[in-house]
Amino acid sequence: MKEKVDSPVTVLEDYFRSSDSESSSSKEPSADSESREFSKSASRWHESREFSKSASRWHAFLQLLRSGSKKQMNTLHPLSVLKLSKRMSTSMRESILPSCLLDATASPCRSPWKIFTHHEIQVATNSFSQENLIGKGGYAEVYKGCLPNRQLVAVKRLTRGTADEIIGDFLSELGVMAHVNHPNTAKLVGYGVDGGMYLVLELSEKGSLASVLYGSKEKPPWFIRHKIALGTAKGILYLHEGCQRRIIHRDIKAANILLTEDFEPQICDFGLAKWLPENWTHHTVSKFEGTFGYLAPEYLLHGIVDEKTDVFAFGVLLLELVSGRRALDYSQQSLVLWAKPLLKKNDIMELVDPSLAGDFDSRQMNLMLLAASLCIQQSSIRRPSTRQVVQLLNGNLSCFKGMKKTRMPFFRRVFREELLDSD
Ligand SMILES: Nc1ncnc2c1ncn2[C@@H]1O[C@H](COP(=O)(O)OP(=O)(O)OP(=O)(O)O)[C@@H](O)[C@H]1O
């Protein structure tokens, strides 16, 4: 339907006029209690920041592996394996890592994921034929595959770096993928460690959001863009708050949002994901990784990683959904720099993708632009939490009550008139 376009701030205006007595009715996504159960007993492995160099930790790790308890093996945190593995020589790794991760033919531990032999993967992907190649990133090639039971899968073959780096990247991504379980995260079917490192995922029929937004002539209509925005926000909220550990994805972007047959978004590519202990405010990384166009200023300048890193990238993704423009265009112009002055002027007609031809729900558009402008704030403190972003996209503005008090200067500047109304 075509509707009159107001400004994103009119959403707040309406809200502040009538909301003080109103209580929130929106439902928050519930935490995934199953996945909390999943690694309760592994939590003792994560009391410290890093698996330190100390021999005692190695000893504990070896004890756990040797104890042979299936329960303990199943709940052993995959990250533990990675962090330890980085300090392992190949021969040590071979001698102590669960054999199910090293030898597909001799697996004693039962897992919900299938372990594929190289032959099975070759058959499924038609020997990695070029026709089956459906994606290529900086770290991997992704092939479409068909299993004997006719299930369609995506086989991610890790390609970048030395053998040890590939094993590290593989264990890292496998660890996170094996841990997450949400409708808006990609689904692991199994893995292979024979003749290479392979992650086998459910195939996303529609490919990635990037291919749908930029690679096809038929641009997605508004209701699909809105569904993708909300589903992606819920997926990120699950990573930040819903699963056992705080997970920061660190590479939220259109190419990492897969789409199912009915355009349900699924976050994929956990290759850069970081687990943060509960009591850490943030983590600082020295190695620069991620995708230009989506990087938060504090990450670019100081390597600071926390939930707000993902919130910033999600703001860029919202701008892509609204404008149909890439985060960085062919002349390397930043979408954020292009959009900021337009957001400030509320120049919605200039911001919105012309291919929508004005066909969108104006309230949803206002909410999305408001969410985008908050997410791409320069200062990470001023960005909303992912929970607030989900609330906002759901049309629930109650979170602004708190923000109104705690972040007055910002709100005075951006929503001055609305605040006057509500006061
Ligand atoms: N399950 C899947 N179904 C369909 N296509 C997929 C699937 N997984 C990945 N792809 C495609 O392959 C591309 C690359 O995958 P992925 O992002 O995991 O690789 P990567 O090398 O880790 O990328 P990056 O350089 O962003 O880190 C995706 O953008 C997507 O187009």
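Within an unreviewed UniProt entry, the label attached to the chain reads non-specific serine/threonine protein kinase, and the organism entered is Glycine max. One UniProt comment on the chain, placed under Subunit (unreviewed entry), says "Interacts with ARAC5 and ARAC10."

Draft legend 1. Quick look at the overall build of the chain. Helix and strand counts for the chain stand at 20 helices and 12 strands. Scored against the burial criterion, the 423 residues of the chain give a buried share of 53%. Total accessible area computed for the chain in this model is approximately 19800 Å², and 52% of it derives from carbon and sulfur atoms.

Draft legend 2. View of the site of the ligand. The local shell around the ligand holds 20 residues, among which Gly-138, Ala-140, Lys-156, Ala-255 and Asp-269 are the closest. Residue Tyr-139 places a main-chain N or O atom 2.9 Å away from an oxygen atom belonging to the ligand. Notes on the ligand: free accessible area 620 Å², of which the protein chains cover 90%. One can see that the ligand is located within the second largest pocket. At the level of secondary structure, the elements contributing two or more residues to the shell around the ligand comprise strand E2 (133-136), strand E3 (140-146), strand E4 (152-158) and strand E6 (198-202). For the shell around the ligand, the per-class residue count stands at nine nonpolar, six polar and five charged. Built from parts of two domains, the shell around the ligand gets at least three residues from each of domain 1 (114-202) and domain 2 (207-421).

Draft legend 3. Broad picture of the UniProt feature "binding site: ATP" (unreviewed entry) in the chain. Within this numbering scheme, the UniProt entry marks Lys-156 as carrying the feature "binding site: ATP" (unreviewed entry). With respect to the helices and strands, the residue Lys-156 is situated in strand E4. Given a relative accessible area of 10%, Lys-156 falls into the buried group. With residues near it in sequence (within four places) discarded, Lys-156 still touches Ala-140, Glu-141, Val-142, Glu-173, Met-197, Tyr-198, Leu-199 and Asp-269. A polar contact of 3.1 Å, which involves the side chain of Lys-156, links it to the side chain of Glu-173.

Draft legend 4. The packing of helix H11 (residues 222-242) against helix H13 (residues 307-323), seen in detail. Contact geometry of H11 with H13 gives a least axis separation of 10 Å together with a crossing angle of 175°. By the angle between their axes, H11 is roughly antiparallel relative to H13. On the side of H11, the interface is formed by Trp-222, Arg-225, Ile-228, Ala-229, Thr-232, Ala-233, Ile-236 and His-240, while H13 contributes Glu-307, Asp-310, Phe-314, Leu-317, Leu-318, Leu-321 and Val-322. The class makeup of the residues in the contact of H11 with H13 is 10 nonpolar, two polar and three charged.

Draft legend 5. Structural context of the layout of surface pockets. In this structure, the second largest pocket occupies an estimated 790 Å³ of space. Considering the residues around the second largest pocket, the lining is formed by 32 residues, among which Gly-135, Lys-136, Val-142, Ala-255 and Asn-256 are closest to the centre. For the lining of the second largest pocket, the secondary structure elements donating two or more residues are E2, E3, E4 and E6. Of the residues that constitute the lining of the second largest pocket, the class distribution is 11 nonpolar, 10 polar and 11 charged. Mapping the lining of the second largest pocket onto the domain boundaries places at least three of its residues in each of domain 1 (114-202) and domain 2 (207-421).

Draft legend 6. Inspection of the sheet that holds E3 at higher detail. The strand order across the open sheet formed by six strands is E1-E5-E6-E4-E3-E2, and the pairing between neighbours is mixed. With partners counted over all chains shown, the strands left at the sheet margins are strand E1 (114-115) and E2, one partner each. Pairing of E4 with E6 involves five bridges; the strand directions are antiparallel. Residue pairing for E6: Val-153 is matched across the bridge by Glu-202.

Draft legend 7. Layout of a nonpolar patch on the surface. Where nonpolar side chains cluster on the molecular surface, the patch consists of Phe-288, Phe-292, Leu-300 and Leu-301 and spans about 440 Å² of accessible area. Relative to the assigned elements, Leu-301 resides in helix H12 (residues 297-302).

Draft legend 8. Up close: the domain arrangement of the chain. Splitting the chain by domain gives domain 1 (114-202) and domain 2 (207-421). Between the C-alpha centres of domain 1 and domain 2 there is a distance of 28 Å. In this assembly, 16 residues from domain 1 lie in contact with 22 residues from domain 2. With both chains or domains summed, domain 1 and domain 2 bury close to 1500 Å², and 60% of this area falls on carbon and sulfur atoms. It is Val-176, His-179 and Asn-184 in domain 1 that bury the most area against domain 2; as a group they hold 38% of the surface buried on that side.

Draft legend 9. Region of the structure containing the nonpolar core. Phe-170, Phe-314 and Met-365 are the most contacted members of the largest nonpolar core, which totals 93 residues. Counting the residues that make up this core, at least three belong to each of domain 1 (114-202) and domain 2 (207-421). Setting aside residues up to four positions removed in sequence, Met-365 forms contacts with Trp-222, Val-322, Ile-348, Val-352, Leu-356 and Phe-360. Counting 11 residues, the second-largest nonpolar core is a separate cluster that includes Phe-128, Val-153, Val-189 and Val-200.

Draft legend 10. Just the pattern of salt bridges, in detail. One pass over the structure, following the stated rule, counts 12 salt bridges. Two residues, Lys-156 and Glu-173, come together in a salt bridge whose shortest N-O distance is 3.1 Å. Residue Lys-156 is found in strand E4, and its partner Glu-173 is found in helix H9 (residues 163-179); the two are separated by 17 residues along the sequence. Between Asp-269 and Lys-156 there is a salt bridge, and its shortest N-O distance comes to 3.4 Å. Remark: Lys-156 occurs in strand E4 and Asp-269 occurs in the loop between strand E9 (265-267) and strand E10 (274-276); sequence separation between them is 113 residues.

What counts and what doesn't
- Residues numbered from 1 in each chain as written.
- Predicted model: local features only at pLDDT ≥ 70, side-chain atom pairs only at ≥ 80, totals over all residues.
- Heavy atoms only, no water.
- UniProt positions renumbered as here; feature names shortened; annotations may be inferred.
- Helix = DSSP H or I, 4+ residues; strand = E, 2+ residues; numbered from the N terminus.
- Buried < 20%, exposed > 50% of the residue type's maximum accessible area, 1.4 Å probe, protein only.
- Areas by Shrake-Rupley, 256 points an atom, 1.4 Å probe, with all protein chains shown as cover.
- Near = heavy atom within 4 Å.
- Polar contact = N/O pair within 3.5 Å; in protein donor to acceptor, adjacent residues only side chain to side chain.
- 1 Å grid on protein atoms, 1.4 Å probe; cavity = no way out; pocket = protein on both sides within 12 Å on 5 of 7 lines; lining within 4 Å.
- Sits in = over half its atoms within 2 Å of the grid points.
- Nonpolar A, V, L, I, M, F, W, Y, C, P; charged D, E, K, R; others polar.
- Domains from an automatic or database assignment.
- Contact = heavy atoms within 4.5 Å.
- Axes fitted to C-alpha atoms, helices over the stretch in contact; angles between N-to-C directions.
- Parallel < 35°, antiparallel > 145°, perpendicular 65-115°, else oblique.
- Points joined across faces, edges and corners; volume = space filled by probe spheres on them.
- Pairing = 2+ DSSP bridges.
- Patch = residues over 30% accessible without salt bridge, like charges linked within 9 Å, V, L, I, M, F, W, Y side chains within 5 Å.
- Salt bridge = Lys/Arg side-chain N within 4 Å of Asp/Glu carboxyl O.
- Buried area = accessible area lost by both parts, 1.4 Å probe.
- Core = buried A, V, L, I, M, F, W, Y, C linked by side-chain atoms within 4.5 Å.

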